[in-house]
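# Chains, contacts and geometry: an overview
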Amino acid sequence: MHAASDTLKEWLYEWNKYHPDQPLYAIKADIHHYFQSIDHAVLKTEIRKVIKDAGVLALLDRIIDHNGNMPDGVGIPVGNLTSQLFANIYLDALDQFIKHELGVEAYIRYMDDFVILSPDKEQLRSWLARIEQFLREELKLEFNPKTTMLAAKNGIDFVGYKHRATHRKVRKDSIKRIKRTIKKCESGKITKEQLQKSIQSWTGHAGHADSYNLRKKIETLAEAAIEKAA
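All values derive from a computational prediction rather than experimental measurement.

Below, the discussion takes up the pattern of salt bridges. For the structure on display, the rule yields 14 salt bridges. For Arg109, the salt bridge identified is with Asp95, shortest N-O distance 2.8 Å. Separated by 14 residues along the polypeptide, Arg109 in strand S2 (residues 107-110) and Asp95 in helix H6 (residues 92-101) bring together distant segments of the chain. We note that Arg109, like Asp95, is buried. Residue Arg125 is joined to Glu122 by a salt bridge in which the shortest nitrogen-to-oxygen separation is 2.5 Å. Residue Arg125 and its partner Glu122 are both found in helix H7 (residues 121-139); the two are separated by 3 residues, about one turn of the helix. The class for Glu122 is exposed, based on a relative accessible area of 54%. Put simply, Glu132, Arg136 and Glu142 are held in one network by salt bridges that share partners.

Attention shifts here to the sheet that holds strand S6 (residues 161-163). Pairing is antiparallel in the open sheet, where 3 strands are placed in the order S5-S6-S7. In this open sheet, the two edge strands, each paired with only one partner strand, are strand S5 (156-158) and strand S7 (168-170). Neighbour to neighbour, the strand axes of the sheet diverge by 30 degrees on average, direction disregarded. Here 3 bridges tie S6 to S7, and the two strands are oriented antiparallel to one another. If you follow Lys162 over to S7, its bridge partner there is Lys169.

On to a positive patch on the surface, then. Taken together, the side chains of Lys172, Lys176, Arg180, Lys184 and Lys189 make up a positively charged region of the molecular surface. With respect to the helices, strands and loops of the structure, Lys189 is situated in the loop between helix H8 (172-186) and helix H9 (192-206).

This part covers the pairing of strand S3 (residues 113-118). Here is the key point about a regular strand: its side chains alternate between the two faces of the sheet. Burial runs high along S3: 6 of the 6 residues are buried. By the alternation rule, side chains of S3 split into Asp113, Val115 and Leu117 and Phe114, Ile116 and Ser118, which are all buried. By the bridge criterion, 6 bridges tie strand S1 (residues 25-30) to S3 in an arrangement that is antiparallel. Looking at S3, one finds that Ala26 is bridged to Leu117. Where S2 lies against S3, 4 bridges are found, and the strand directions are antiparallel. Residue pairing in the sheet places Tyr107 in a bridge with Ile116 of S3. Hairpin connection between S2 and S3: a loop of 2 residues separates the two successive antiparallel strands, and Met111 in this loop has a positive phi of roughly 55 degrees.

About the cut-offs
Residues numbered from 1 in each chain as written. Predicted model: local features only at pLDDT ≥ 70, side-chain atom pairs only at ≥ 80, totals over all residues. Heavy atoms only, no water. Salt bridge = Lys/Arg side-chain N within 4 Å of Asp/Glu carboxyl O. Helix = DSSP H or I, 4+ residues; strand = E, 2+ residues; numbered from the N terminus. Buried < 20%, exposed > 50% of the residue type's maximum accessible area, 1.4 Å probe, protein only. Pairing = 2+ DSSP bridges. Axes fitted to C-alpha atoms, helices over the stretch in contact; angles between N-to-C directions. Patch = residues over 30% accessible without salt bridge, like charges linked within 9 Å, V, L, I, M, F, W, Y side chains within 5 Å. Areas by Shrake-Rupley, 256 points an atom, 1.4 Å probe, with all protein chains shown as cover. Lys, Arg positive; Asp, Glu negative; His and termini not counted. Charge placed at Lys NZ, Arg CZ, Asp CG, Glu CD.

In structure tokens:
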């Protein structure tokens with residue numbers, strides 16, 4: 001995740017450095033209900049492109065077919081280690097299509113969330129239409145309705161951060177969530193140990209952004225909540 005964020009940040013920085021007067025645009029896209037929409041037959045076909053051992057394939061087929069409460073033939077559970085592997089294998093065909101068939105260079109994906117950059121808005125529109133068709137016809141997937149094209153100068157939300165050419169910030173919804181967690185500790189809905197664990201995780205994530213003052217503020221709020229709950 002952080003490697004994907006670093007790559008996007010570097011691209012935006014380089015573009016701003018060498019093309020300061022030329023606008024840059026982005027497709028910001030993700031897949032609608034991705035894990036629930038993965039087609040088992042398509043997934044098994046994609047797995048067989050990279051794994052040939054019959055015993056391993058039989059085991060993976062059983063794992064895929066045992067998909068909890070979802071309809072037969074579609075969907076994989078969120079959170080399982082195998083599901084993370086399956087989810088990436090499933091979209092490898094999308095990566096190949098975008099990179100090699102469309103010839104896109106500035107493309108980066110993390111799970112079902114991806115960004116494409118170009119100074120040509122019409123080119124982006126054309127790519128977006130072809131990608132949408134590929135997803136529907138080849139992978140039986142649909143874009144999230146929030147998929148959009150935007151001006152990169154306004155910032156790009158990706159993997160939990162707001163990216164611009166000169167800096168990277170923690171997303172506002174992430175800040176709101178951690179503040180709600182702090183309030184839960186103040187009201188006794190969670191323990192101070194649970195809050196400390198949440199703060200540690202959040203500050204680790206925020207530490208990859210330009211967030212020194214923000215992190216200090218959140219840590220101060222958390223310390224006050226812990227003292228109140230003690």
